[in-house]
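Residue strings, one per chain:
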Amino acid sequence: MNDSSSFHPHRRRALCCGAAAIAGLFTSLAAQAEATPPAMPWQAWPAPLADLLHQTFEGLDPAALWDVHTHLLGNGDSGSGCSIHASMTEGWHPLERLRRTAIMQAAGVPGEALGEGGVDRAYVERLRRLAAGFPPGARWLLFAFDRALDDQARERPDWTTFHVPDAYAQQVAAATPDRFGWVASIHPLRPDALERLDRAIAGGALAIKWLPSAMAIDLRDRRLSAFYARLAASRTPLIVHCGEEKAVPGAGRDELGNPLLVRAPLRAGVRVIVAHCASLGQALDLDQRRPTMRPAFDLSPG
Ligand SMILES: [Zn+2]
């Protein structure tokens, strides 16, 4: 959303609510089907869902359908290099258990006692099956997900909820190129961030993904200017999660998800996509002399 003023708030709200409604429908149907949503062509789905999807796609060119926010996830059991924080695999806290169960069931990973390569492969296989049910031409951008780093650019495993290497996202996308593209994720404070960025762009990455609250990225940090310049020059979009984050606690820096902070990359000429439209949570209205908290959704960087 490079020019946020052209994107009407009502349309933004409608999009978010529509997504939430569809997610809710999936959730209730999934519960009925013992948490395993059907992976079949949508024309063959139960009537209410098939009708809804038919209306959703009416008049759209399937070749122009791109889902630009598809997370990869894995525990590295196939040698993918992916990892998941212990709180996601063995935490006892009810909220951690709920989060883990919801993510794994939604991903179609049938339990955690799988054989070698089981979790990594099950996740990708489910994505492939779901994608195969869509009209030919529809594509998904698969996300790598970098580790959290602190202000001194030290990797923080304790803040890293999960990690998906760029190379793995590239490899999974390359195996099914008619359905998948890939998005790199590079913490900009890494000493070799620019080399990684160049490598990602040369390797076909279609965008860069950041989740500032989890990865501990302050979009205003002056040290990011060279990274922004490279993104602007290559016209590589930056996909930034804004608003409250519930699925990936990571560094727990919710204030870094303030949508007003995307002004920094926008001013540097970067094309920015505000993931989730900042539809959850509150953020400081930094335009006020004495900033107070307001719904993040109402704060417009434009
Ligand atoms: Zn995301």
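Residues numbered from 1 in each chain as written. Predicted model: local features only at pLDDT ≥ 70, side-chain atom pairs only at ≥ 80, totals over all residues. Heavy atoms only, no water.

Student: Got a sec to walk through the pattern of salt bridges? Specific residues and values, please.
Tutor: Taken as a whole and assessed by the stated rule, the structure comprises 15 salt bridges. A salt bridge links aspartate 151 to arginine 223, with the nearest nitrogen and oxygen atoms 2.7 Å apart. Linking aspartate 151 in the loop between β3 (139-143) and β4 (162-163) with arginine 223 in the loop between α8 (212-215) and α9 (225-234), this pair joins segments that are 72 residues apart in sequence. Relative accessible area serves as the criterion here: at 48%, aspartate 151 is assigned to the partly exposed category. (Salt bridge = Lys/Arg side-chain N within 4 Å of Asp/Glu carboxyl O. Helix = DSSP H or I, 4+ residues; strand = E, 2+ residues; numbered from the N terminus. Buried < 20%, exposed > 50% of the residue type's maximum accessible area, 1.4 Å probe, protein only.)

Student: Describe the coordination of the zinc ion, listing the residues and the values that go with them.
Tutor: Bound to the zinc ion are the protein donor atoms His69 (NE2), His71 (NE2) and Lys209 (NZ), situated 2.1 to 2.4 Å from the metal. Taken in sequence order, the residues that donate to the zinc ion follow the motif H-x1-H-x137-K. With histidine 71 in strand β1 (residues 66-71) and lysine 209 in strand β6 (residues 208-210), the pair connects residues that are 138 residues apart, well separated along the chain. (Donors = N, O, S within 2.8 Å, 3.2 Å for Na, K, Ca; no water.)

Student: Can you break down the pairing of β3 residue by residue, with the values?
Tutor: Burial analysis of β3 places 5 of its 5 residues in the buried class, which makes it a mostly covered element. Inspection of the sheet shows β1 paired to β3 by 4 bridges, in the parallel sense. Opposite tryptophan 66, over in β3, you have arginine 139 as the bridge partner. In this structure, β3 lies alongside strand β5 (residues 180-183), joined through 4 bridges in parallel fashion. In the sheet register, leucine 142 faces β5, and the bridge partner there is tryptophan 182. (Pairing = 2+ DSSP bridges.)

Student: Account for the sheet that holds β3, naming residues and giving values.
Tutor: Taken together, 3 strands build an open sheet; the order of strands is β1-β3-β5 and the sheet is parallel. The open sheet terminates on both sides in strands that have one partner only, identified here as β1 and β5. Here the strands of the sheet are splayed against their neighbours by 30° on average, with no regard to which way each runs. Strands in contact with helix α6 (residues 166-175) are β3 and β5; relative to β5, the strand with the most contacts, it is inclined by about 170°. (Axes fitted to C-alpha atoms, helices over the stretch in contact; angles between N-to-C directions. Contact = heavy atoms within 4.5 Å.)

Student: Tell me about a nonpolar patch on the surface, residues and numbers included.
Tutor: On the surface, Trp66, Val68 and Leu206 cluster together into a nonpolar patch covering about 230 Å² of accessible area. With respect to the element layout, tryptophan 66 can be found in strand β1. In this structure tryptophan 66 comes out as partly exposed when scored by relative accessible area, which is 41%. (Patch = residues over 30% accessible without salt bridge, like charges linked within 9 Å, V, L, I, M, F, W, Y side chains within 5 Å. Areas by Shrake-Rupley, 256 points an atom, 1.4 Å probe, with all protein chains shown as cover.)

Student: Go over α6 with me, naming the residues and quoting the values.
Tutor: Three- or four-residue spacings in an α-helix give side chains the same orientation, since the helix completes a turn every 3.6 residues. Restricting attention to buried positions, one finds in α6 the residues Asp166, Tyr168, Ala169, Val172 and Ala173. The buried side chains of α6 occupy one side of the element, clustering within an arc of 165° when seen end-on. What points out from α6, more than 90 degrees from its buried face, is the exposed set Ala167, Gln171, Ala174 and Ala175. As for α6, its buried residues are in contact with α5 (118-132), β3 and β5. (Arc of directions from axis to C-beta.)

Student: Pulling in residues and values, what's your account of helix α2 (residues 47-57)?
Tutor: Turning to α2, its buried residues are Leu49, Ala50, Leu53 and Phe57. Around the axis of α2, the buried residues are gathered within 95° of arc, so they sit on the same side. Projecting away from the buried face of α2 at angles above 90 degrees are the exposed residues Pro48 and Gln55. Looking one or two places after α2, you find glycine 59, whose phi comes out positive at around 80°.

Student: I'd like a description of the nonpolar core, backed by residues and values.
Tutor: Formed by 60 residues in total, the largest nonpolar core has its most connected members in Leu72, Ile208 and Trp210. Two domains each put at least three residues into this core: domain 1 (10-59) and domain 2 (66-298). Those residues in contact with isoleucine 208 that lie beyond four places of it in its chain are Val183, Ala184, Ile186, Leu197, Phe227, Leu231, Thr236, Pro237, Leu238 and Ile239. Counting residues in hydrophobic clusters, the runner-up holds 6 residues, among them Phe143, Val183, Ala207 and Ala275. (Core = buried A, V, L, I, M, F, W, Y, C linked by side-chain atoms within 4.5 Å. Domains from an automatic or database assignment.)

Student: Go over the sheet that holds β6, please, and point to the residues and values.
Tutor: As summarised here, the arrangement of the 3 strands in space is β6-β7-β8, forming an open sheet in which the pairing is parallel. The outermost strands of the open sheet, each flanked by one partner alone, are β6 and β8 (272-275). The mean angle between the axes of side-by-side strands here comes to 20°, regardless of whether they run parallel or antiparallel. On the sheet, α9 packs against β6 and β7 (238-241) and is oriented at approximately 140° with respect to β6.

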